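Inside the fold
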Amino acid sequence: MAKVHVQMTVNGEAVEGLVEPRTLLIHFIREQLNLTGAHIGCDTSHCGACTVDLDGLSVKSCTRFAVQANGGTVTTVEGMAGADGTLHALQEGFRMMHGLQCGFCTPGMIMRAHRLLQENPDPTEAEIRFGIAGNLCRCTGYQNIVKAIQYAAAKINGVPFVEAAE
Ligand code: FES
Ligand code: FES
């Protein structure tokens, strides 16, 4: 099948490539850009392990074609830390609150949480749980992911983080 030229901005850098029209964005990101943080956990668009930020939205990159992201702006988990290696508040929060175990869901979870906190900078626990409902985790039981996002929200908002009693 004839390949199509695509270009997009990924983690602040202009990238381009040749893809088949059927090439999924997740495969373009992983196999051509070698950004292998985003994962594939299903083939039915449920798990959210492939979540990236595309033009200001959380997008499951297994359910977009790369050609649909042509000209777009993508952020993946690899783009979250500062240039000096400083972890993003969410990355720090997931570590501090033990919001990951195997780590497979984590890149998608962090990218979703990143957008969630821009949609709603001070979410309640219920809003966090609903806000990450498109991201499945087999390991954590979600409780510590909620805390991680609360930790990050507090850090971003410049207020003390108070861990809720369980
Ligand atoms: S790989 Fe499961 S939703 Fe994309
Ligand atoms: S940490 Fe293993 S699936 Fe979430």
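See above for the structure.
Every value quoted in this text rests on a predicted model; they were computed, and no experiment measured them. (Residues numbered from 1 in each chain as written. Chains lettered and ligands numbered in written order. Predicted model: local features only at pLDDT ≥ 70, side-chain atom pairs only at ≥ 80, totals over all residues. Heavy atoms only, no water.)

1. Concerning the overall build of the chain
Scanning the chain for helices and strands turns up 5 helices and 5 strands. Helices and strands appear in the chain in the N-to-C order β-β-α-β-β-β-α-α-α-α. For the chain, the C-alpha radius of gyration of 16 Å lies close to 15 Å, the compact-globule estimate for 166 residues. Reported as C-alpha extents along the three principal axes, the dimensions of the chain are approximately 55 × 35 × 25 Å. Residues classed as buried in the chain amount to 45% of the 166 residues present. Excluding contacts between residues fewer than 6 apart, the proportion of contacts in the chain whose partners are at least 24 apart in sequence is 53%. Here the chain has roughly 8700 Å² of accessible surface; of this, 52% comes from carbon and sulfur atoms. The positive charge centre, built from 12 side chains, and the negative charge centre, built from 16, are 5 Å apart in the chain. (Helix = DSSP H or I, 4+ residues; strand = E, 2+ residues; numbered from the N terminus. Rg over C-alpha atoms; globule rule 2.2 N^0.38 Å. Buried < 20%, exposed > 50% of the residue type's maximum accessible area, 1.4 Å probe, protein only. Contact = heavy atoms within 4.5 Å. Areas by Shrake-Rupley, 256 points an atom, 1.4 Å probe, with all protein chains shown as cover. Lys, Arg positive; Asp, Glu negative; His and termini not counted. Charge placed at Lys NZ, Arg CZ, Asp CG, Glu CD.)

2. Some details on unusual backbone geometry
Of note, Asn 34 is a non-glycine position whose phi angle comes to about 60°, a positive value. Tracing the backbone shows Asn 34 in the loop between α1 (25–32) and β3 (51–54). For Ser 45, which is not a glycine, the phi torsion comes out positive at approximately 70°. Mapped onto the elements of the fold, Ser 45 is located in the loop between α1 and β3. Ser 45 gets classed as partly exposed once you look at its relative accessible area, which sits at 32%.

3. Brief notes about the sheet that holds strand β2 (residues 13–19)
The strand order across the open sheet formed by 5 strands is β2-β1-β5-β3-β4, and the pairing between neighbours is mixed. Each end of this open sheet is capped by a strand with a single partner; those strands are β2 and β4 (57–60). Across the sheet, the mean angle separating the axes of adjacent strands is 40° when strand polarity is ignored. Pairing geometry for strand β1 (residues 4–10) and β2, over 7 bridges, is antiparallel. By the bridge assignment for β2, Gln 7 is matched with Glu 16. Against the sheet, helix α3 (residues 106–119) makes contact with β3, β4 and β5 (73–75), and its axis sits at roughly 35° relative to β3, the strand it touches most. (Pairing = 2+ DSSP bridges. Axes fitted to C-alpha atoms, helices over the stretch in contact; angles between N-to-C directions.)

4. Thoughts on the environment of Arg 64
Positionally, Arg 64 belongs in the loop between β4 and β5. Since its relative accessible area comes to 31%, Arg 64 is described here as partly exposed. Distance from Arg 64 to Ile 26, taken between C-alpha atoms, is 7.9 Å for residues 38 residues apart in sequence. Among residues more than four places away in sequence, those in contact with Arg 64 are Leu 24, Leu 25, Leu 54 and Val 59.

5. Brief notes about the packing of aromatic side chains
One pass over the full model with this rule turns up 1 aromatic pair. Geometrically, the ring pair formed by Tyr 151 and Phe 161 is edge-to-face, given 5.5 Å between the ring centres and 65° between the ring planes. Here Phe 161 lies in the segment after α5 (143–157) and Tyr 151 lies in helix α5, a separation of 10 residues in the sequence. A relative accessible area of 25% places Phe 161 in the partly exposed class. (Phe/Tyr/Trp six-rings, centres within 6.5 Å; stacked < 30°, edge-to-face > 60°.)

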